[in-house]
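Each chain, letter by letter, is given below.
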Amino acid sequence: MKLYPRLFLSHLLVICVALGAVLLISETLASAFIRHHVAQMITLIGPDGASLRPDLERGVRSTLNAALLASLPLALVVAALTALFSARRVVKSVELLRDGSHAIATGNYERRLPEEGRDELTDVARHFNRMAAALQTVEQGRVELISNVAHELRTPLSALRGYAEAMNDGVMTPEAVSGAILRETAAMERLAQDLSVVSRVEAGAVELHSSDFAPSALLLDAFERFAGAYEERGVALFRAEAVALPPITADFERASQILANLLGNALRHTPRGGHVTLGAEHQGGDVLFTVMDTGGGIPPEHLDRIFERFYRVDPARTRGDGSGVGLTIARGLAARMGGSLTVSSSPQGSIFTLKLLAAHVH
Ligand code: ADP
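Residues numbered from 1 in each chain as written. Predicted model: local features only at pLDDT ≥ 70, side-chain atom pairs only at ≥ 80, totals over all residues. Heavy atoms only, no water.

## Quick look at the confidence of the model for the protein
So, point 1. On average, residues of the protein carry a pLDDT of 90, and 98% of them reach 70 or more.
So, point 2. When pLDDT is averaged over each helix and strand of the protein, the minimum, 59, is found for helix H8 (residues 315-318) and the maximum, 97, for strand E7 (residues 349-357). (pLDDT = per-residue confidence, 0-100. Helix = DSSP H or I, 4+ residues; strand = E, 2+ residues; numbered from the N terminus.)

Structural data, given as structure tokens:
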């Protein structure tokens, strides 16, 4: 049976039981009430009244019964209409939920349910809307990812085709073409590797090997890895003294990967003669690692978006340097370690801050 008639019948059953109970209880209680009222009437009538008692009692009782019987059908009709109305309201909410879920199941992720009211059904509608919004975001991400990957692949593939044609036309020597092919395939391999890391980070599937270590060890490791590259490009790399910092709990390799990404970006965006400072400070229960550069900064309208997959402030300039997912991976890893990665920027340069948790002192 459908929900509407089922709810209506169950309401009707409750109404009938309530009416039956009213009749039964009034029947039981009425005699005592009638006797009491008739006794009062008799005292008003005076000494002759006592002989009228049986007639009076019978009269009042039959009047009461007649009134009850006459009002019963009307009460039943009013109660049934109310039952219909309230069943309809419940069914309407359920129907909205059914249609909404059907819409989501068939790919219409924009569908939302009305959230007026304060009852549990409104709670269900609110949760449904949150679920739909989350699914919509995932779906948008999926579509975006596919189109980004297609775009990222198209460029090196057309370059490869160009090299092959150039070789056929005799414009490029096989040696030059093989060098170019190696460069393009290396970029594609890097993209494939980054994609696999980004998908694991986003799925929370990155395995962590956390341990407690001194922040200065991390700073030194990052510094030593980049010192040569900075020197080569004429950018000074400073390492602030990490004094009196508590040990941190993190995956050393992953934390170092994040700093490497930040230092790589800073180097790429800082002109010759500029400088980059790698620092760390203690704040509350956290240690904040900072990478501060004197590059051109990131315009405010792009600041929130640079952590998105494949987002580049200037796609033309940075193509070939990185696949555009470095910061996505870095932020995902930081979050996975219980920390965060944030940025602030001005035309004088950018400051990336990696927050990691200080180790619990036992
Ligand atoms: P990419 O592989 O392009 O470097 P990222 O995710 O690491 O990808 O960075 C995303 C974008 O953020 C970069 O393309 C660049 O536009 C911007 N960006 C990152 N770091 C800096 C920085 N230190 N200064 C200026 N822009 C930066």
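Moving on, there is more to tell.
## So, the pairing of strand E6 (residues 340-346)
So, point 1. Bridging between E6 and E7 involves seven bridges; their strand directions are antiparallel. Looking at E7, one finds that Thr342 is bridged to Thr353.
So, point 2. Remark: two residues form the turn of the hairpin made by E6 and E7, two consecutive strands paired antiparallel. (Pairing = 2+ DSSP bridges.)

## As for the packing of aromatic side chains
Each pair of aromatic rings is reported with the distance of its centres and the angle of its planes.
So, point 1. Tallied over the entire structure, the rule returns two aromatic pairs.
So, point 2. On the numbers, 4.9 Å between centres and 70° between planes, the contact of Phe213 with Phe252 is edge-to-face. Of the two residues, Phe213 is situated in strand E1 (residues 210-213) and Phe252 in helix H6 (residues 252-269); the sequence distance between them amounts to 39 residues.
So, point 3. Lying across the ring of Tyr4, Arg88 places its NZ or CZ 5.2 Å from the centre.
So, point 4. Sitting over the ring of Phe223, Arg239 keeps its end group 5.1 Å from the ring centre. (Phe/Tyr/Trp six-rings, centres within 6.5 Å; stacked < 30°, edge-to-face > 60°. Lys NZ or Arg CZ within 6 Å of the ring centre and 35° of its normal.)

## Describing the site of the ligand
So, point 1. Lining the immediate environment of the ligand, one finds 20 residues, of which Asn265, Arg268, Asp293, Gly324 and Leu327 sit closest.
So, point 2. Between the ligand and Gly326, the relevant distance is 3.3 Å, taken from an oxygen atom to a main-chain nitrogen or oxygen of the residue.
So, point 3. Within the backbone of Leu327, a nitrogen or oxygen atom sits 2.8 Å from an oxygen atom of the ligand.
So, point 4. Only H6, helix H9 (326-336) and E7 provide two or more residues apiece to the shell around the ligand.
So, point 5. It is H6 that provides the largest number of residues to the shell around the ligand, a total of five residues.
So, point 6. Partitioning the shell around the ligand into residue classes produces eight nonpolar, nine polar and three charged. (Near = heavy atom within 4 Å. Polar contact = N/O pair within 3.5 Å; in protein donor to acceptor, adjacent residues only side chain to side chain. Nonpolar A, V, L, I, M, F, W, Y, C, P; charged D, E, K, R; others polar.)

## Let's talk about the sheet that holds strand E5 (residues 286-293)
So, point 1. Read across the sheet, five strands follow the order E2-E4-E5-E7-E6 without closing on themselves; strand pairing throughout is mixed. The open sheet has two edge strands, strand E2 (236-239) and E6, and neither has a second partner. Sheet twist, expressed as the average angle between the axes of neighbouring strands with direction ignored, equals 15°.
So, point 2. Running at roughly 170° to E2, helix H5 (residues 215-233) makes contact with E2, strand E4 (275-283), E5 and E7 of the sheet.
So, point 3. Sitting on the sheet, H9 touches E6 and E7, and the angle it makes with E6 is about 130°. (Axes fitted to C-alpha atoms, helices over the stretch in contact; angles between N-to-C directions. Contact = heavy atoms within 4.5 Å.)

## Quick notes on the nonpolar core
So, point 1. Ranked by size, the top nonpolar core spans 50 residues in total, and within it Tyr230, Ile258, Leu259, Leu263, Phe289, Leu341 and Leu356 carry the most contacts.
So, point 2. At eight residues, H6 tops the list of elements feeding residues into this core.
So, point 3. Here this core spans two domains, and each of domain 2 (140-202) and domain 3 (210-361) adds at least three residues to it.
So, point 4. When sequence neighbours within four positions are dropped, the list of residues in contact with Leu259 reads Leu218, Ala222, Leu278, Phe289, Val291 and Leu354.
So, point 5. Ile104, Ala125, Phe128 and Ala132 belong to the second-largest nonpolar core, a separate cluster that totals six residues. (Core = buried A, V, L, I, M, F, W, Y, C linked by side-chain atoms within 4.5 Å. Buried < 20%, exposed > 50% of the residue type's maximum accessible area, 1.4 Å probe, protein only. Domains from an automatic or database assignment.)

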